[in-house]
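Commentary on secondary and tertiary structure
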Amino acid sequence: MVAIYPGSFDPITLGHLDIITRSSKLYDKVVVVVSRNPTKNPLFTVDERMAQIRKTTQHLENVEVDSFNGLTVNYAKKLRAKVLLRGLRVLSDFEKELQMAHTNKTLSDEIETVFLATSTEYGFLSSSLVKEIAKFGGPIDHLVPEHIALDVERCYGQNLV
Ligand code: ADP
């Protein structure tokens, strides 16, 4: 069975990687899909994020990386994926995610949203938090893979005035 894991991944964190690793043991194929829908000022381009995810997941044989534009359910249908994966961290995630899952169900009855609970050590972790710390010169190498930490630090290093 194919599962898609859509998101912004700006950038991929150890929390995302944990969800990808665990789901790769549950499904035949997991496709991590970067949303091309315009978001709030991304730090990395979609192509950069895809390259970062590919490098981060290169050891996982059944994980692929792609991007999509438009409705997630349409992308899932195109791929014949029946499962849409999302991660849950805190209660505030739940409200938003449940609304999205219900909305997607009205758009396609065939696709099931499956939630994986965050591992306890990553419950606080988000891409925004990583960028917030890096912006002020704090350490992020315990939150993202080493090559991502270098990418993020390079961005803020160059942007510092
Ligand atoms: P989006 O903008 O679609 O929320 P994100 O890249 O922020 O994109 O998140 C993609 C998915 O990964 C979401 O389902 C989010 O809840 C989940 N996620 C993000 N960080 C973590 C984490 N630390 N642990 C578990 N799930 C996470």
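Remember, it's a predicted structure, so these values are computed and weren't measured experimentally.

**Considering the site of the ligand**
- Taken together, 16 residues surround the ligand, and among them Y5, S8, F9, G87 and Y122 come closest.
- Interatomic distance of 3.3 Å between a side-chain N/O atom of R89 and a nitrogen atom of the ligand.
- In isolation the ligand has 550 Å² of accessible area, and contact with the protein removes 89% of it.
- A molecule is said to occupy a pocket when more than half its atoms come within 2 Å of that pocket's grid points, and by this definition the ligand occupies the largest pocket.

**Re the sheet that holds strand β3 (residues 63–68)**
- Spatially, β3-β2-β1-β4-β5 is the arrangement adopted by the five strands of the open sheet, whose pairing is parallel. Both edges of this open sheet fall to β3 and β5 (112–117), since each of them pairs with a single strand only. Strand-to-strand twist of the sheet, defined as the mean angle between neighbouring strand axes without regard to direction, takes the value 30 degrees.
- Summarising the sheet, strand β2 (residues 29–35) and β3 pair through six bridges and their orientation is parallel. Bridging across to β3, V30 finds its partner in V63.
- Against the sheet, helix α3 (residues 72–79) touches β1 (2–7), β2, β3 and β4 (83–88), its axis set at about 150 degrees to β1.
- Across the sheet, helix α4 (residues 91–107) touches β4 and β5, and the angle it forms with β4 is around 170 degrees.

**Overview of the UniProt feature "binding site: substrate" (unreviewed entry) in the protein chain**
- Per the UniProt record, "binding site: substrate" (unreviewed entry) is annotated on S8, K40, T72 and R86. Within this annotated set, the largest pocket is lined by S8, K40, T72 and R86.
- Here S8 shows up in the loop between β1 and α1 (14–24).
- On the accessibility criterion, T72 (18% relative accessible area) is buried.
- Excluding its chain neighbours within four sequence positions, the residues that come into contact with T72 are I4, P6 and L84.

**What about the nonpolar core?**
- Core analysis: the largest hydrophobic core is formed by 34 residues, its most contacted members being Y5, I20, V32, I53, L85, I140 and V152.
- Per element, the largest residue contribution to this core is five residues, and it comes from helix α6 (residues 146–159).
- Sequence-distant contacts of L85, that is, excluding residues within four places in its chain, are made with A3, I4, Y5, P6, S23, Y27, V30 and V114.
- I4, V33, A81 and L84 belong to the second-largest nonpolar core, a separate cluster that totals eleven residues.

**Observations concerning the pattern of salt bridges**
- Scanning the model with the defined rule gives eleven salt bridges in all.
- One salt bridge connects D10 with R49, and the closest N-O pair in it is separated by 3.8 Å. Of this pair, D10 sits in the loop between β1 and α1 while R49 is found in helix α2 (residues 46–56), placing the two residues 39 residues apart along the sequence.
- Given a relative accessible area of 3%, R49 falls into the buried group.
- Of the charged contacts in the structure, one is a salt bridge between K105 and D109, with a shortest N-O distance of 3.7 Å.
- Residue classification places D109 among the exposed residues on the basis of a relative accessible area of 61%.

Parameters at a glance
Residues numbered from 1 in each chain as written. Predicted model: local features only at pLDDT ≥ 70, side-chain atom pairs only at ≥ 80, totals over all residues. Heavy atoms only, no water. Near = heavy atom within 4 Å. Polar contact = N/O pair within 3.5 Å; in protein donor to acceptor, adjacent residues only side chain to side chain. Areas by Shrake-Rupley, 256 points an atom, 1.4 Å probe, with all protein chains shown as cover. 1 Å grid on protein atoms, 1.4 Å probe; cavity = no way out; pocket = protein on both sides within 12 Å on 5 of 7 lines; lining within 4 Å. Sits in = over half its atoms within 2 Å of the grid points. Pairing = 2+ DSSP bridges. Helix = DSSP H or I, 4+ residues; strand = E, 2+ residues; numbered from the N terminus. Axes fitted to C-alpha atoms, helices over the stretch in contact; angles between N-to-C directions. Contact = heavy atoms within 4.5 Å. UniProt positions renumbered as here; feature names shortened; annotations may be inferred. Buried < 20%, exposed > 50% of the residue type's maximum accessible area, 1.4 Å probe, protein only. Core = buried A, V, L, I, M, F, W, Y, C linked by side-chain atoms within 4.5 Å. Salt bridge = Lys/Arg side-chain N within 4 Å of Asp/Glu carboxyl O.

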